[in-house]
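Listed here are the chains, written in short residue letters.
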Amino acid sequence: MIRTHQLAYSYAAGATLRFEDTDVPQGGVLLLRGASGSGKSTWLALAAGLLAATSGDITVSSQPLKALGKVAGDAWRAQTIGFLPQKLHLSAALSVHDNLAMAQWAAGHAQDESRIAEALAALDVQALASRKPSQLSGGQAQRVALARAVLLKPKVILADEPTASLDDDSAAASLALLRATALREGATLVIATHDARVKTFFSDEKGINTMEIGGLSL
Ligand code: ADP
Ligand code: MG
């Protein structure tokens, strides 16, 4: 679940981004819509506890983020948040398998081969385990990044512009994969997007939460 109340954030030199209140149940979907520069990535960073709200409150998976310090926040994030960034940030020097192993080490977990195999199989990329990221298509790389995002069984999946630069078929496939993955994991899914196709994709599904982000206000 994710609940916000009068959430706002100001970058040091900038005006204040104010976000509409939202209340998304566990396992629900939130579409975060708005023009480029409206604050979608900032909202995701607030939900991931990477930025601290300037004012207002945000509770993610029953945890009020205000109460988390830096060290506790890092551990909480590793347990709770699966992030699919706009730029996938796969390590170029590492194989697909080792990219996932590194995510386990970085979270302070022991390497767990059976979970790595399970996550790769769930995203249908197990055959690519020994490849380097440069040897993957865009769609394959996104599947690998999503396998890495769900590796630690997050409660929340945050996807930043997952359909940017994808053609219609690939965009639909990417969204279907995100939805199926979130459903399988029981995770709340947040998709930040300025792509009108995303709303259309979810138009037949009931209970989708949508937030339109308006941009800067003084
Ligand atoms: P979106 O993801 O919707 O394109 P962002 O959340 O990235 O929007 O940015 C929202 C606003 O905050 C923009 O005006 C952007 O220029 C500004 N911004 C983003 N990151 C920073 C930063 N690190 N320092 C100052 N301003 C920033
Ligand atoms: Mg953005």
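Computed from a predicted model, the values in this text were never measured in an experiment. (Residues numbered from 1 in each chain as written. Chains lettered and ligands numbered in written order. Predicted model: local features only at pLDDT ≥ 70, side-chain atom pairs only at ≥ 80, totals over all residues. Heavy atoms only, no water.)

Looking at the overall build of the protein
Assigned secondary structure in the protein consists of 7 helices and 11 strands. Scaling as 2.2 N^0.38, a compact globule of 218 residues should have a C-alpha radius of gyration of about 17 Å, and the protein matches this with 17 Å. Overall size of the protein, expressed as C-alpha extent along the three principal axes, is 50 × 40 × 35 Å. A total of 218 residues make up the protein; the buried ones form 46% of that total. Of the contacts formed within the protein by residues at least 6 apart in sequence, a portion of 72% connects residues at least 24 apart. Within the structure as shown, the protein displays about 10,400 Å² of accessible surface, and the carbon and sulfur contribution to it stands at 54%. On the protein, the mean spot of the 20 positive side-chain charges and the mean spot of the 20 negative ones are 3 Å from each other. (Helix = DSSP H or I, 4+ residues; strand = E, 2+ residues; numbered from the N terminus. Rg over C-alpha atoms; globule rule 2.2 N^0.38 Å. Buried < 20%, exposed > 50% of the residue type's maximum accessible area, 1.4 Å probe, protein only. Contact = heavy atoms within 4.5 Å. Areas by Shrake-Rupley, 256 points an atom, 1.4 Å probe, with all protein chains shown as cover. Lys, Arg positive; Asp, Glu negative; His and termini not counted. Charge placed at Lys NZ, Arg CZ, Asp CG, Glu CD.)

What to know about the pattern of salt bridges
Here the structure, examined in full by the defined rule, presents 12 salt bridges. For arginine 197, the salt bridge is made with aspartate 168, and the minimal N-O distance between the two is 2.7 Å. Of the two residues, arginine 197 is situated in helix H7 (residues 196-201) and aspartate 168 in helix H6 (residues 168-185); the sequence distance between them amounts to 29 residues. Among the charged side chains, a network of salt bridges with common partners joins Arg115, Glu118, Arg184 and Glu185. (Salt bridge = Lys/Arg side-chain N within 4 Å of Asp/Glu carboxyl O.)

Examining the sheet that holds strand E8 (residues 156-160)
Spatial ordering of the open sheet is given by E7-E8-E9-E4-E10, a layout of 5 strands whose pairing is parallel. Edge positions in the sheet fall to strand E7 (81-84) and strand E10 (209-212), since each has one partner strand and no second. Adjacent strand axes in the sheet meet at a mean angle of 15° when their direction is disregarded. Its contacts with the sheet put H6 on strand E4 (29-33), E7, E8 and strand E9 (188-193), and the angle it makes with E9 is roughly 155°. (Pairing = 2+ DSSP bridges. Axes fitted to C-alpha atoms, helices over the stretch in contact; angles between N-to-C directions.)

Examining the layout of surface pockets
One number sums up the size of the largest pocket: a volume of about 590 Å³. Every residue lining the largest pocket is counted, 21 residues in all, and those nearest its centre are Arg77, Ala78, Ile81, Phe83 and Ala103. Taken together, the residues of the lining of the largest pocket break down into 13 nonpolar, 5 polar and 3 charged. There is about 260 Å³ of room inside the second largest pocket. Lining the second largest pocket are 18 residues, and of these Leu51, Ala52, Leu65, Lys66 and Leu68 lie nearest its centre. Elements represented by at least two residues in the lining of the second largest pocket include exactly strand E5 (55-60) and helix H2 (70-80). (1 Å grid on protein atoms, 1.4 Å probe; cavity = no way out; pocket = protein on both sides within 12 Å on 5 of 7 lines; lining within 4 Å. Points joined across faces, edges and corners; volume = space filled by probe spheres on them. Nonpolar A, V, L, I, M, F, W, Y, C, P; charged D, E, K, R; others polar.)

Considerations on the site of ligand 1
Around ligand 1, the neighbouring residues are Tyr11, Leu17, Ala35, Ser36, Gly37, Ser38, Gly39, Lys40, Ser41 and Thr42. A distance of 2.8 Å separates an oxygen atom of ligand 1 from a polar atom in the side chain of lysine 40. With respect to ligand 1, the backbone of serine 41 contributes an N or O atom lying 2.9 Å from an oxygen atom. When isolated, ligand 1 has an accessible area of 560 Å², and the protein chains bury 57% of it. (Near = heavy atom within 4 Å. Polar contact = N/O pair within 3.5 Å; in protein donor to acceptor, adjacent residues only side chain to side chain.)

With respect to the side chain of serine 38
Of note, serine 38 is situated in the loop between E4 and helix H1 (40-47). Among the polar contacts made by the side chain of serine 38, one reaches the main-chain carbonyl oxygen of alanine 35 at a distance of 2.6 Å.

Points about H6
Relative to the 26 Å expected for 18 residues at 1.5 Å per residue, H6 spans 26 Å between its end C-alpha atoms, a close match to the ideal helical length. The set of residues buried in H6 consists of Ala171, Ser174, Leu175, Leu177, Leu178, Arg179, Thr181 and Ala182. On its buried face, H6 is in contact with E4, E7, helix H5 (138-149), E8, E9 and H7. The residue sitting at the N-terminus of H6 and contributing the capping side-chain oxygen is aspartate 167; that oxygen lies 3.2 Å from the backbone nitrogen of aspartate 169. Trailing H6 by a residue or two, glycine 186 shows a phi angle of about 70°, which is positive. (Expected span 1.5 Å × (residues − 1).)

A closer look at the packing of aromatic side chains
As enumerated under the stated definition, the model contains 2 aromatic pairs in all. Arranged with centres 4.9 Å apart and planes meeting at 80°, the rings of tyrosine 9 and tyrosine 11 form a pair that is edge-to-face. Its relative accessible area of 39% is what places tyrosine 11 among the partly exposed residues. Considering the side-chain rings of phenylalanine 201 and phenylalanine 202, the 5.0 Å spacing of their centres and the 80° angle between planes classify their relative orientation as edge-to-face. (Phe/Tyr/Trp six-rings, centres within 6.5 Å; stacked < 30°, edge-to-face > 60°.)

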